[in-house]
Amino acid sequence: MARHDLGTVDPAAFEEWRGRSPAHALAFARAYAAWEKVGPGIGLEAEQGAARADLSFSRRAMMRAAGAAGLIVLAGGGMAVSRAYAWDRVETGIGETRKLRLPDGSLLALNTDSSVAWRVKGGKRILRLERGEMALEVSSKGPPLLLEGEDVKISLTSGLFNARLMPGGIDVMVLRGEARSAGQVEGSDARPEAAGAYRMLSLTDAGPRISAASELQVAATLAWQSGEILFQDEPLSAAIGEYNRYLERKIVIADPALGAIRVGGRFTSTDPTIFFEALDATLDIQASPVDEGFLLTRKNN
């Protein structure tokens, strides 16, 4: 720990030792926590305050940031952080959401069943959305952040964004700042596109596409950060598909004809009880518990 503080530790040797066993990573996280209580280093809480303005991308600062990331293992039950090949990684399970501060000061929030990896090295900031959905407030301390996902790359300026992996690509909603397509799958001749505030940048095999984001779309996209789910005149089948992202016990529609019925409303994302009550009261659709989840049927059928 003293060698880390002095900046004399061999990064490669440290990574090899830390990655050899989860016990090593846990021991280092605990030692780091004790060290920060008695030493003058940059701790996780300090990074979240005014002190993070002085945080550089030096080897010493990055090693301290790695230690702070390790503390998440102790405090965030159900969330795993690893450092394979110099990448940090965080995951959430079904129904879980998590927030954390990245080494550059950016704030990351993960939605249900999501996985994100990041690397800050050599003056570059790279974040890879591997699964699910995230919200990201990119710090102005550093170059544009490179977001990777589904064989595409997006350059993000400082600002506020929401990104979600979709079949065959990724959707990025820009709330503040700018998102610019920085690359696409090999063989595509699509030109890079840039999206500003309240625009959606969608990247697929066909290339980038920009569309305006309505107030209702923004509200629906941000609802998950408050533990809610928002439907706006959507087919019941689409609403159930969205709800099932948050539920271990899935909802199944018995009669496919019910899937075309339009529904709307704001509900708690991890507890469909109120949603079921609304279906019962307004549409005569009942939810019956079954072994694997819930079955939706017409009442009296």
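Analysis parameters
- Residues numbered from 1 in each chain as written.
- Predicted model: local features only at pLDDT ≥ 70, side-chain atom pairs only at ≥ 80, totals over all residues.
- Heavy atoms only, no water.
- Salt bridge = Lys/Arg side-chain N within 4 Å of Asp/Glu carboxyl O.
- Helix = DSSP H or I, 4+ residues; strand = E, 2+ residues; numbered from the N terminus.
- Buried < 20%, exposed > 50% of the residue type's maximum accessible area, 1.4 Å probe, protein only.
- Polar contact = N/O pair within 3.5 Å; in protein donor to acceptor, adjacent residues only side chain to side chain.
- Contact = heavy atoms within 4.5 Å.
- Core = buried A, V, L, I, M, F, W, Y, C linked by side-chain atoms within 4.5 Å.
- Phe/Tyr/Trp six-rings, centres within 6.5 Å; stacked < 30°, edge-to-face > 60°.
- Lys NZ or Arg CZ within 6 Å of the ring centre and 35° of its normal.

Time to look at the pattern of salt bridges. Summed over all chains, the structure comprises 13 salt bridges. Residue Lys299 is joined to Asp280 by a salt bridge in which the shortest nitrogen-to-oxygen separation is 3.1 Å. Taken together, the residues Lys299 in the segment after β20 (293-298) and Asp280 in helix α8 (residues 273-283) connect sequence positions 19 residues apart. One salt-bridge network, in which partners are shared between bridges, spans Glu133, Arg164, Glu242 and Arg245.

This part covers the environment of Lys141. Checked against the element boundaries, Lys141 lands in the loop between β7 (133-138) and β8 (145-149). When its relative accessible area of 45% is taken as the criterion, Lys141 is described as partly exposed. Along the primary structure Lys141 and Ser106 are separated by 35 residues, whereas in three dimensions their C-alpha atoms are 8.6 Å apart.

Turning next to the side chain of Ser115. Structurally, Ser115 can be placed in strand β5 (residues 115-121). Ser115 gets classed as buried once you look at its relative accessible area, which sits at 1%. Among the polar contacts made by the side chain of Ser115, one reaches the side chain of Glu130 at a distance of 2.7 Å. Dropping the residues within four chain positions of it, Ser115 is found in contact with Arg89, Val90, Glu91, Leu110, Arg128, Leu129, Glu130 and Arg131.

Within the largest apolar cluster, 27 residues are counted, with the highest numbers of intra-cluster contacts made by Leu108, Leu127, Leu147, Leu156 and Ile170. For Leu147, the contacting residues outside a window of four places in its chain are Leu127, Leu129, Met134, Val152, Lys153, Ile154, Leu156, Ala163, Ile170 and Val172. Residues Ile229, Ala239, Leu258 and Phe294 belong to the second largest nonpolar core, which totals 23 residues.

Turning our eyes to something else, we now look at unusual backbone geometry. Although it is not a glycine, Asp113 adopts a positive phi angle of roughly 50°. Within the secondary structure, Asp113 sits in the loop between β4 (107-110) and β5. Phi is positive for Tyr198, which is not a glycine, with a value near 60°. In this fold, Tyr198 is placed in the loop between β13 (194-195) and β14 (199-204). Tyr198 gets classed as partly exposed once you look at its relative accessible area, which sits at 44%.

Evaluation of the coordinates by the stated rule reveals seven aromatic pairs. Pairing Tyr243 with Phe275 gives two aromatic rings, centres 5.1 Å apart and planes at 45°, and the pair type is tilted. Linking Tyr243 in helix α7 (residues 236-243) with Phe275 in helix α8, this pair joins segments that are 32 residues apart in sequence. By relative accessible area, which is 2% here, Phe275 ends up buried. Relative to Phe276, the ring of Phe275 has its centre 6.1 Å away and its plane inclined at 40°; by these criteria the two rings are tilted. Through a chain of ring-to-ring contacts, three or more aromatic side chains come together here, namely Phe231, Tyr243, Phe267, Phe275, Phe276 and Phe294. The side chain of Arg128 reaches across the aromatic face of Trp87, ending 4.0 Å from its centre. The ring centre of Phe294 lies 4.8 Å from the NZ or CZ of Arg249, which sits over that ring.

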